[in-house]
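Letter by letter, the chains look like this.
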Amino acid sequence: MNTPPTIFVLLIIIVLLVVISSSEADHSHGSNDCQRFCKGDSVPYPFGFSQGCKIQLNCSDNGEKRIGEFLVNNITSTSIFINLPAKCNRSIESIKPLFGSHYGLTWNNSLLLQDCTSSRVNGCVIPMSFVENRVVDVQDCKIPNKNDSLSCFSKNSDTDIMNFNAVKGTSCKLLFASIALDSVNSFQFQRLELGWWLNGSSNMSCDRNANSMHVTLPEGKTGVRCFCNEGFHGDGFLAGSRCRKVSACSPRKYMSSKCGKFSKVGVLIAGIIFGAVLMVILTFLCHVVRRRSTCLKNRMSAKRLLCETGNSSVALYPYKEIEKATNGFSESRRLGTGAFGMVYEGKLFNDELVAIKKIKHRDNNSIEQVMNEIKLLSSVSHPNLVRLLGCCIEQGEQILVYEFMPNGTLSQHLQRERGKGLPWTIRLTIASETAKAIAYLHSAMNPPIYHRDIKSSNILLDFNFKSKVADFGLSRLGLIETSHISTAPQGTPGYVDPQYHQNFHLSDKSDVYSFGVVLVEIITAMKVVDFTRPQTDVNLAALAVDRIGKGCVDDIIDPFLEPNRDAWTLYSVNKVAELAFRCLAFHSDMRPSMMEVAEELEQIRRSGWATMEENTFASSVVSSCSSPYNGSESLGSVTSKKGGGVGSQRLFLPQKIDDNLESMEEEEEKESSPVSVQDPWFSEQSSPSTNSLLGNVVR
């Protein structure tokens with residue numbers, strides 16, 4: 001009884017004999033008019049090395065296969081891969097021989113062009129660092145300046161094959177090199193892919209046991225390729241070896257002359273070796289087929305990523321450079337972990353510090369998240385939005401490269417993970433700048449962009465603590481109502497619009513709610529969700545709404561602000577608290593727009609400048625929540641905390657603000673906010689903000 005390995009070997013021998021038998025038939029078929037051997041190496045139909053072959057190649061003395069002067073690297077059932085070494089001063093006309101009657105360049109190629117009258121071809125620019133890391137020796141020239149860039153020619157087209165006139169019609173004169181996207185979705189530098197076909201209809205060209213594939217050619221023409229059905233083997237062409245069943249010959253017939261001459265021991269040994277190699281290749285091909293459905297989609301997305309990223313040039317970084325910049329994605333370089341990937345500190349070849357986000361592969365749509373973020377970031381331009389520098393889609397990875405923000409996130413500073421704390425003036429400036437950035441996304445962009453994940457850990461700080469909003473992985477364009485309706489979990493717990501859990505609807509007012517939570521964080525420096533607090537106060541938004549609604553802002557102000565809490569500071573803290581209260585309204589219609597929020601924060605911030613210029617103080621305001629005096633004492637009886645005053649009688653209002661309180665109260669009565677975010681609110685109701693939040697003014 002045969003053991004499994006013995007059966008396996010026998011199966012290899014049987015398959016191999018069929019292959020060799022068919023191969024001999026293939027070689028004998030049409031051998032009179034087409035020579036298919038080059039120094040002992042053969043090529044399949046319709047290729048050959050004589051004039052009688054449909055697709056004629058050249059065979060050099062050392063056995064190399066060429067088309068014109070170009071070396072053929074590989075031939076597959078659909079493509080011919082050509083080596084195209086990087087070379088300066090190579091004219092575009094030099095590749096004209098690669099556009100034949102039965103073959104031509106496919107749109108899977110990106111041609112790297114020089115000497116262009118326009119700085120960009122199809123919106124694609126390749127940095128010279130990409131070339132410098134891949135080319136050791138460039139023919140006919142030294143490596144160009146690494147600060148220069150190459151233009152790449154590649155675009156989506158209705159045809160499978162390029163038109164040489166389209167290449168020649170660019171604004172460029174020279175062809176430096178090329179990038180080809182192979183069948184496993186990998187970019188191959190200094191490589192060209194040629195698609196091949198035969199003319200005629202599939203009925204006239206293909207065997208009855210074969211399927212046909214049509215190739216769309218320029219000028220409305222079509223070509224055809226043939227592939228044998230499952231269970232058959234051959235090239236599929238009527239003029240070639242056609243398609244034969246794999247089991248056409250039994251083991252007994254293989255020993256007879258009817259299935260070929262296989263009596264020689266050498267042929268069998270060679271067959272066994274060839275069969276083993278064939279099994280390895282088939283195993284690899286099966287693996288490729290399983291990934292084909294996802295790779296095909298990613299393949300086209302990657303091409304768009306290179307050359308159609310919008311109005312700005314997105315640099316393409318090689319994976320090796322990214323790996324070197326992060327020291328192999330070392331844990332010591334990791335800056336943080338988000339919902340869609342890990343962020344690392346990196347140093348590029350020019351010593352530039354960058355932030356590198358490596359996207360998680362959560363599902364087959366991960367590349368869509370990358371495409372979405374690149375599309376959004378390349379379409380916006382605002383000083384308070386993080387800037388995208390480039391990307392890397394190589395070796396199955398999706399990586400984004402951003403400008404580096406040395407002072408980390410707002411959350412880290414509020415939670416004392418970095419530094420000892422932020423002064424109120426810096427917190428207020430960060431809030432104002434962040435509001436402007438979000439208002440820009442909502443109002444200046446058409447269609448508007450909803451961030452959908454506003455939180456303090458997505459607000460980054462540069463050397464001067466200037467804020468920049470980051471992480472557009474959840475952003476969406478607000479094209480139509482259904483464009484931002486989803487039943488999938490969105491956002492971060494503690495920041496999510498409460499109405500989202502009722503109707504799964506995210507809008508610009510959802511960003512307003514999330515920003516309201518950030519404002520409360522800035523005032524309190526508390527965690528957004530903290531289970532160490534009492535059950536009713538676990539959620540910071542609920543805690544803040546309760547305290548602010550009761551006029552008890554003093555209860556939640558960050559103790560770090562206590563030593564420097566002068567009149568203007570406490571006044572502005574209360575004004576920001578009132579604004580946060582309005583942003584946290586349960587019903588989205590009651591919330592202000594981000595434009596209104598940004599304008600109000602800027603007005604509060606500028607009021608501090610006027611206070612510093614006048615340096616005049618008058619009156620005191622006592623918190624109606626924490627003070628037993630309710631603001632009834634005279635000015636002389638109220639002193640600062642440093643002077644040993646009573647309780648919370650430490651709020652001194654600037655004269656300019658005091659003189660305008662009456663007009664501010666009238667204005668706030670017109671734009672009143674709900675007393676409770678759960679209660680209905682009507683425009684005729686007065687706002688609790690001035691009396692309940694600031695207390696009584698004593699003149």
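None of the values given here were measured: they were computed from a predicted structure. (Residues numbered from 1 in each chain as written. Predicted model: local features only at pLDDT ≥ 70, side-chain atom pairs only at ≥ 80, totals over all residues. Heavy atoms only, no water.)

S.K.: Looking at this structure, I do not really get the overall build of the protein chain. What am I missing?
M.R.: Looking only at helices and strands, one finds 18 helices and 32 strands in the protein chain. Within the protein chain, buried positions represent 51% of all 699 residues. Roughly 33,700 Å² of accessible area belongs to the protein chain as shown, and the carbon and sulfur atoms make up 52% of that amount. (Helix = DSSP H or I, 4+ residues; strand = E, 2+ residues; numbered from the N terminus. Buried < 20%, exposed > 50% of the residue type's maximum accessible area, 1.4 Å probe, protein only. Areas by Shrake-Rupley, 256 points an atom, 1.4 Å probe, with all protein chains shown as cover.)

S.K.: Would you explain the packing of aromatic side chains in this entry?
M.R.: Between two aromatic rings, the relevant description is the distance of the centres plus the angle of the planes. The final tally for this structure, using the stated rule, is seven aromatic pairs. Ring centres of Phe47 and Trp196 lie 5.3 Å apart, and the angle between their planes is 75 degrees; on these two criteria the pair is classed as edge-to-face. Residue Phe47 is found in strand E3 (residues 47-48), and its partner Trp196 is found in strand E15 (residues 191-196); the two are separated by 149 residues along the sequence. In this structure an aromatic cluster arises from ring pairing among Tyr45, Phe47, Trp196 and Phe237. (Phe/Tyr/Trp six-rings, centres within 6.5 Å; stacked < 30°, edge-to-face > 60°.)

S.K.: In this structure, what is going on with the packing of helix H12 (residues 508-524) against helix H14 (residues 567-583)? I would like to understand it.
M.R.: Packed helices, taken two at a time, are described by the angle between their axes plus the distance between the axes. Between H12 and H14, whose axes approach to 8 Å, the crossing angle comes to 150 degrees. The angle between H12 and H14 places the two elements in the roughly antiparallel class. Note on packing geometry: the crossing formed by H12 with H14 is left-handed. In contact with Val512, Tyr513, Gly516, Leu519, Val520 and Ile523 of H12, H14 contributes Val573, Val576, Ala577, Leu579, Ala580 and Cys583. Across the contact of H12 with H14, the residue classes break down as 11 nonpolar, one polar and no charged. (Axes fitted to C-alpha atoms, helices over the stretch in contact; angles between N-to-C directions. Parallel < 35°, antiparallel > 145°, perpendicular 65-115°, else oblique. Left-handed = near helix turned anticlockwise from the far one by under 90°. Contact = heavy atoms within 4.5 Å. Nonpolar A, V, L, I, M, F, W, Y, C, P; charged D, E, K, R; others polar.)

S.K.: What should I look at first to understand the pattern of salt bridges in this one?
M.R.: Pairing is possible between side chains that carry opposite charge, provided their charged atoms lie close to one another. Summed over all chains, the structure comprises 19 salt bridges. The salt bridge partner of Arg605 is Glu602, with a shortest N-O separation of 3.0 Å. One end of the pair, Arg605, and the other, Glu602, are both in helix H15 (residues 594-614), three residues apart, so they sit about a helical turn from each other. With respect to burial, Arg605 and Glu602 carry one shared label: buried. Here the salt bridges share partners, and the residues they tie into one network are Lys436, Glu602, Arg605 and Arg606. (Salt bridge = Lys/Arg side-chain N within 4 Å of Asp/Glu carboxyl O.)

S.K.: What is the right way to look at the pairing of strand E7 (residues 70-75) in this model?
M.R.: In the case of a regular strand, side chains alternate between the two sheet surfaces. In the sheet, strand E6 (residues 65-67) pairs with E7 via two bridges, with the strands oriented antiparallel. Looking at E7, one finds that Arg66 is bridged to Leu71. The hairpin formed by E6 and E7 contains two residues between the paired strands, and Gly68 there has a positive phi angle of roughly 65 degrees. Connecting the antiparallel pair E7 and strand E8 (residues 79-83) is a turn made up of three residues. (Pairing = 2+ DSSP bridges.)

S.K.: Quick question: what am I supposed to make of the sheet that holds strand E13 (residues 172-181) here?
M.R.: Pairing between the strands of a sheet is mediated by backbone hydrogen bonds and can be parallel or antiparallel. Ordered in space as E11-E12-E10-E13-E14, the five strands form an open sheet in which the pairing is antiparallel. Taken across any chain shown, the strands that pair with only one partner, and hence form the sheet edges, are strand E11 (125-127) and strand E14 (187-189). On average, each strand axis in the sheet is tilted by 40 degrees relative to the strand beside it, whichever way the strands run. In the sheet, strand E10 (residues 109-116) pairs with strand E12 (residues 149-153) via three bridges, with the strands oriented antiparallel. By the bridge assignment for E12, Leu113 is matched with Ser151.

S.K.: Explain the state of the cysteines here, please?
M.R.: Here a disulfide denotes one covalent bond, and it connects the sulfur atoms of two cysteines. According to the stated counting rule, one finds five disulfides in the structure shown. Two residues share a disulfide in this structure: Cys206 and Cys226, whose sulfurs sit 1.9 Å from each other. Classification of the bridge connecting Cys206 and Cys226 rests on its S-S torsion, roughly -80 degrees, and on that basis the disulfide is left-handed. With Cys206 in the loop between helix H4 (202-205) and strand E16 (210-216) and Cys226 in strand E17 (residues 222-228), this residue pair connects regions lying 20 residues apart in the sequence. Across the disulfide from Cys228 sits Cys243; the S-S distance is 2.0 Å. Taking the torsion about the S-S bond as the criterion, the Cys228 to Cys243 disulfide, at about -95 degrees, is left-handed. Within this pair, whereas Cys228 is found in strand E17, its partner Cys243 is found in the loop between strand E18 (232-233) and strand E19 (244-245), the two being separated by 15 residues in sequence. With a relative accessible area of 8%, Cys243 lands in the buried category. Not engaged in a disulfide, the cysteine Cys391 finds its nearest cysteine sulfur in Cys392; these two sulfurs lie 7.5 Å apart. For Cys392, a relative accessible area of 0% puts it in the buried group. (Disulfide = S-S within 2.5 Å.)

S.K.: Got a minute to help me understand the environment of Lys420 in this structure?
M.R.: Considering the arrangement of structural elements, one finds Lys420 in the loop between helix H9 (410-414) and helix H10 (424-444). Overall, Lys420 belongs to the exposed group, its relative accessible area being 75%. As for Lys420 and Phe560, which are separated by 140 residues in sequence, their C-alpha atoms are 8.9 Å apart.

S.K.: Help me understand a nonpolar patch on the surface in this model?
M.R.: Where nonpolar side chains cluster on the molecular surface, the patch consists of Ile269, Ile273, Val277, Ile281, Leu282, Phe284 and Leu285 and spans about 630 Å² of accessible area. Mapped onto the secondary structure, Ile269 falls in helix H6 (residues 265-307). (Patch = residues over 30% accessible without salt bridge, like charges linked within 9 Å, V, L, I, M, F, W, Y side chains within 5 Å.)

S.K.: Just to check I follow, could you spell out the pairing of E10 for this structure?
M.R.: Among the eight residues in E10, six count as buried, and that is most of the element. Pairing between E10 and E13: seven bridges, direction antiparallel. The residue bridging Gln114 from the neighbouring strand is Leu174, located in E13.

S.K.: Quick question: what am I supposed to make of the sheet that holds strand E5 (residues 58-59) here?
M.R.: Strand order in the open sheet formed by six strands is E5-E6-E7-E8-E15-E9, and the pairing between neighbours is antiparallel. Of all strands in the sheet, those bounded by a partner on one side alone are E5 and strand E9 (103-105). Of the strand pairs in this sheet, E5 and E6 are connected by two bridges, and their pairing is antiparallel. Looking at the pairing, Cys59 lines up with Lys65 of E6.

S.K.: What am I meant to see in the nonpolar core here?
M.R.: Burial of nonpolar side chains together is a common tendency in soluble globular proteins. Ranked by size, the top nonpolar core spans 58 residues in total, and within it Trp424, Phe515 and Leu601 carry the most contacts. Those elements giving two or more residues to this core turn out to be H9, H10, strand E27 (459-461), H12, helix H13 (540-549), H14 and H15. By size, the runner-up hydrophobic cluster in this structure holds 39 residues, among which are Val72, Ile80, Ile92 and Leu98. (Core = buried A, V, L, I, M, F, W, Y, C linked by side-chain atoms within 4.5 Å.)

S.K.: Hey, could you run me through unusual backbone geometry in this one?
M.R.: Leaving glycine aside, a negative phi is the common case for residues, and trans is the common case for peptide bonds. A cis amide bond links Tyr45 to the next residue, Pro46, at an omega of 10 degrees. One can find Pro46 in the loop between strand E2 (41-42) and E3. Non-glycine residue Lys39 carries a positive phi angle of around 55 degrees. Its place among the elements puts Lys39 in the loop between strand E1 (37-38) and E2. The phi dihedral of Asn327 falls on the positive side, at around 55 degrees, and the residue is not glycine.

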